[in-house]
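Here is what each chain is made of, one letter per residue.
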Amino acid sequence: MIMNADGSAGVAVNARIGAEVPALSGIAWGLLGAGVVFTLIAVLLLVAGIRRPASYTSSYVAPAAYPGGPPPPWTPPLPPDRTTAADAQPGGTTAGQAPKEPRAG
């Protein structure tokens, strides 16, 4: 802390702070070199991707068609038969039949 001994205003300070890192120069040159190498690799890959041979032939083989034609369209599954369920009501409805009228009584 810098201040006047009596606590009054008007303090002027000219100070410097610094640190020496001897390995910083080597790290900087290493990162610069790695950046140059990666840039060269990227340029080579771009050039190789852009310059394709004029008579490019594909080795792609189309899959064989279904032997009997295309598959049938999807149909929803049938509802389960509730007559054999543990909570089935005697005389209950079965799949595909209209429900019976409720008994009055």
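Residues numbered from 1 in each chain as written. Predicted model: local features only at pLDDT ≥ 70, side-chain atom pairs only at ≥ 80, totals over all residues. Heavy atoms only, no water.

A. Layout of the overall build of the protein chain. Helix and strand counts for the protein chain stand at 1 helix and 0 strands. Within the protein chain, buried positions represent 0% of all 105 residues. (Helix = DSSP H or I, 4+ residues; strand = E, 2+ residues; numbered from the N terminus. Buried < 20%, exposed > 50% of the residue type's maximum accessible area, 1.4 Å probe, protein only.)

B. Structural view of a nonpolar patch on the surface. Together, Met1, Ile2, Met3, Val11 and Val13 give the surface a local cluster of nonpolar side chains, amounting to about 590 Å² of exposed area. For Met1, the location among the structural elements is in the segment before α1 (24-50). Given the relative accessible area of 94%, Met1 is considered exposed. (Patch = residues over 30% accessible without salt bridge, like charges linked within 9 Å, V, L, I, M, F, W, Y side chains within 5 Å. Areas by Shrake-Rupley, 256 points an atom, 1.4 Å probe, with all protein chains shown as cover. Salt bridge = Lys/Arg side-chain N within 4 Å of Asp/Glu carboxyl O.)

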